[in-house]
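# Inside the fold
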Amino acid sequence: MTDDRDEKVIVKLPSRVPLHEAIAQLRRYDGKTDAAEYMERFEADLEILGYDKFWALMNIDRVLKGDASSWHSSIWPKYVESLKKIPKANDDADAHAGQSDELWEEFKAGMLE
């Protein structure tokens, strides 16, 4: 006899939520609460919404405010050149994902300092 509670429920989500909806759904961060908790939730939201780390790097400024926004503005010039060097996903998907993930981890480490 099969226990219904053991059966997995698969929910099909859209492959990518439209940009305006994704931005509206992302949590905001002001730098005053636990950055590690925020980043954990932000990354989970990205996965659910269908966006990658490159998108996160290019758009996280849209959800930062106050002290967090000021911090982002101060470090952003450092990341601009690195982002330009990442190959486009259509040209080399593996390199795009790998380099985006590496740069995201560097960015995240800076945010958690």
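Scroll up a little and you will see the structure.
Throughout what follows, the structure given in this document is the object of discussion. Owing to the predicted nature of the structure, the values given are computational and were not obtained by experimental measurement. (Residues numbered from 1 in each chain as written. Predicted model: local features only at pLDDT ≥ 70, side-chain atom pairs only at ≥ 80, totals over all residues. Heavy atoms only, no water.)

Within the chain, the regular secondary structure consists of 5 helices and 0 strands. Traced from its N-terminal end to its C-terminal end, the chain shows the element sequence α-α-α-α-α. Scored against the burial criterion, the 113 residues of the chain give a buried share of 30%. Carbon and sulfur atoms form 49% of the exposed surface of the chain, whose accessible area is close to 7,900 Å². (Helix = DSSP H or I, 4+ residues; strand = E, 2+ residues; numbered from the N terminus. Buried < 20%, exposed > 50% of the residue type's maximum accessible area, 1.4 Å probe, protein only. Areas by Shrake-Rupley, 256 points an atom, 1.4 Å probe, with all protein chains shown as cover.)

Let's shift gears to the pattern of salt bridges. With the rule as written, the count across this model stands at 6 salt bridges. Its salt-bridge partner being E37, residue R41 comes within 3.1 Å of it at the nearest N-O pair. Of the two residues, R41 and E37 are both situated in helix 2 (residues 35-49); the distance of 4 residues between them amounts to about one turn of the helix. In this structure, E81 and K84 form a salt bridge, with 3.4 Å as the shortest nitrogen-oxygen distance. In this pair, E81 and K84 both sit in helix 4 (residues 66-85), 3 residues apart, roughly one turn of the helix. For K84, a relative accessible area of 60% corresponds to the exposed category. Beyond isolated ion pairs, a larger network of salt bridges with shared partners links E43, E105 and K108. (Salt bridge = Lys/Arg side-chain N within 4 Å of Asp/Glu carboxyl O.)

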